[in-house]
Amino acid sequence: MTIAPATNAEKQTAPEPLDYNWPIIIFMLIVHAGVLLALIPGTFSWAGVGVALFLHWVTGGLGITLGFHRLVTHRSFESPKWLEYFLVLCGTLTCQGGPIDWVGLHRIHHLYSDQANDPHDANKGFWWSHIGWLMYENPSSKDIPRFTKDIADDRFYQFCQSYMLPIQIVLGVLLYFVGEAVSPGLGWSFVIWGVFVRLVLVYHCTWFVNSATHKFGYQTYDAGDLSTNCWWVALTTYGEGWHNNHHAFQYSARHGMAWWEIDITWMTIQLLSLVGLAKNIKLPKTES
């Protein structure tokens, strides 16, 4: 889905968000503090690290990048509904808000990219666009229903939106019992690395798309904003770091346009296409 540029009337400056969003602040403090549990003797295991890396790909790569972003937010390709739901569930496991909120805020970001109404306007500084914007009640939230009419009435999306935290708790319980089944005493290692460490890694990789790729790197296209292509963000987000390309062609399933701009998510979409699970793939006209 391509978000049309904002009109002059829509570019009116939004009121500065002054009220702290205490539930988010407390939750983020708890999750980040949970990473410290990995320093406790006996909680480290290479199996736990492997679980964290695997779930980083499942939740961050398949869930956020492929599911929330390229499939649902921009509809850059089509997939069977069961696959869409699976990817949305994976994205929900990142605890970055429910899918309806995530998609709505991202569509708003594209409409007002690096303008006053952009939820994470990069003009306010690196810290703000990276994490600071999450700490306040966001005025853009009231517009989410207007930008999510295509998914707001879907019961599966509503379920993921309402039960994001219980779903994460279920994952933690499963990881504990799987770890104990693999080797007694390994359960907590799987929980700490598969939930807390993995969540924080996915958080900051995702947030770098809001911050680093509006500050560092190069611009291939004039997208009308500060978006850049940043290779190291692309490597940690499965291709999302080619952000200037994406802002120039929002609808495109492919973000890495040059041959050397590695885009793992685009490769995944190509693989899904080969097995009949992705169709109507959108690309810039020169590549269609």
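Criteria and cut-off values
Residues numbered from 1 in each chain as written. Predicted model: local features only at pLDDT ≥ 70, side-chain atom pairs only at ≥ 80, totals over all residues. Heavy atoms only, no water. Helix = DSSP H or I, 4+ residues; strand = E, 2+ residues; numbered from the N terminus. Rg over C-alpha atoms; globule rule 2.2 N^0.38 Å. Buried < 20%, exposed > 50% of the residue type's maximum accessible area, 1.4 Å probe, protein only. Contact = heavy atoms within 4.5 Å. Areas by Shrake-Rupley, 256 points an atom, 1.4 Å probe, with all protein chains shown as cover. Lys, Arg positive; Asp, Glu negative; His and termini not counted. Charge placed at Lys NZ, Arg CZ, Asp CG, Glu CD. UniProt positions renumbered as here; feature names shortened; annotations may be inferred. Core = buried A, V, L, I, M, F, W, Y, C linked by side-chain atoms within 4.5 Å. Axes fitted to C-alpha atoms, helices over the stretch in contact; angles between N-to-C directions. Left-handed = near helix turned anticlockwise from the far one by under 90°. Nonpolar A, V, L, I, M, F, W, Y, C, P; charged D, E, K, R; others polar.

### A closer look at the overall build of the protein chain
Helix and strand content of the protein chain: 12 helices and zero strands. Reading the protein chain from its N end, one meets helices and strands in the order α-α-α-α-α-α-α-α-α-α-α-α. Compactness check: the protein chain gives a C-alpha radius of gyration of 19 Å against a globular reference of 19 Å for 288 residues, within 12% of the reference. Projected onto its principal axes, the C-alpha coordinates of the protein chain cover approximately 60 × 50 × 40 Å. In the protein chain, buried positions account for 53% of the 288 residues. In the protein chain, of all internal contacts separated by at least 6 residues, the share reaching a separation of at least 24 is 71%. Approximately 13700 Å² of the protein chain is accessible, and the part contributed by carbon and sulfur atoms is 68%. Separation of charge centres in the protein chain, based on 16 positive and 21 negative side chains, amounts to 6 Å.

### Quick word on the UniProt feature "domain: Fatty acid desaturase" (unreviewed entry) in the protein chain
UniProt annotation of "domain: Fatty acid desaturase" (unreviewed entry) refers to residues 45-263 when read in the numbering used here. Split by type, residues 45-263 is 57% helix and 0% strand. Its first and last C-alpha atoms lie 30 Å apart.

### Some details on the environment of N210
In this structure, N210 sits in helix α9 (residues 187-210). Taking the C-alpha atoms as reference points, N210 and H120, 90 residues apart in sequence, are found 6.9 Å from one another. The contact partners of N210, leaving out residues within four places of it in the chain, are H120, S129 and W133.

### Some thoughts on the nonpolar core
Residues L66, V72, L175, Y203 and I269 are the most contacted members of the largest nonpolar core, which totals 54 residues. Each residue touching I269, except ones within four places of it in the same chain, is listed here: L66, R70, F77, A253, A278 and I281. A38, A52, I192 and W193 belong to the second-largest nonpolar core, a separate cluster that totals six residues.

### Looking at the UniProt feature "transmembrane region" (unreviewed entry) in the protein chain
Under the present numbering, the feature "transmembrane region" (unreviewed entry) in UniProt falls on residues 20-40, 46-68, 156-178 and 190-209. For the annotated span residues 20-40, helix accounts for 62% and strand for 0% of the residues, and the straight-line distance between the end C-alpha atoms is 32 Å. Between the C-alpha atoms that bound residues 190-209 the distance is 28 Å, and the span itself is 100% helix and 0% strand.

### Things to note about the packing of helix α2 (residues 46-73) against helix α4 (residues 99-111)
Two elements in contact, α2 and α4, have axes separated by 10 Å at closest approach and are oriented at 65 degrees. Handedness of the α2/α4 crossing: right-handed. Between α2 and α4, the residues in contact are I64, F68, H69, V72 and T73 and P99, W102, V103, H106, R107 and H110, respectively. When its residues are assigned to classes, the contact of α2 with α4 shows six nonpolar, four polar and one charged.

### Considerations on the environment of W102
As for its placement among the helices and strands, W102 is situated in helix α4. W102 gets classed as buried once you look at its relative accessible area, which sits at 13%. Between the alpha carbons of W102 and K282 there is a distance of 22 Å; along the sequence they are 180 residues apart. Dropping the residues within four chain positions of it, W102 is found in contact with I64, F68, H69, T73 and Q96.

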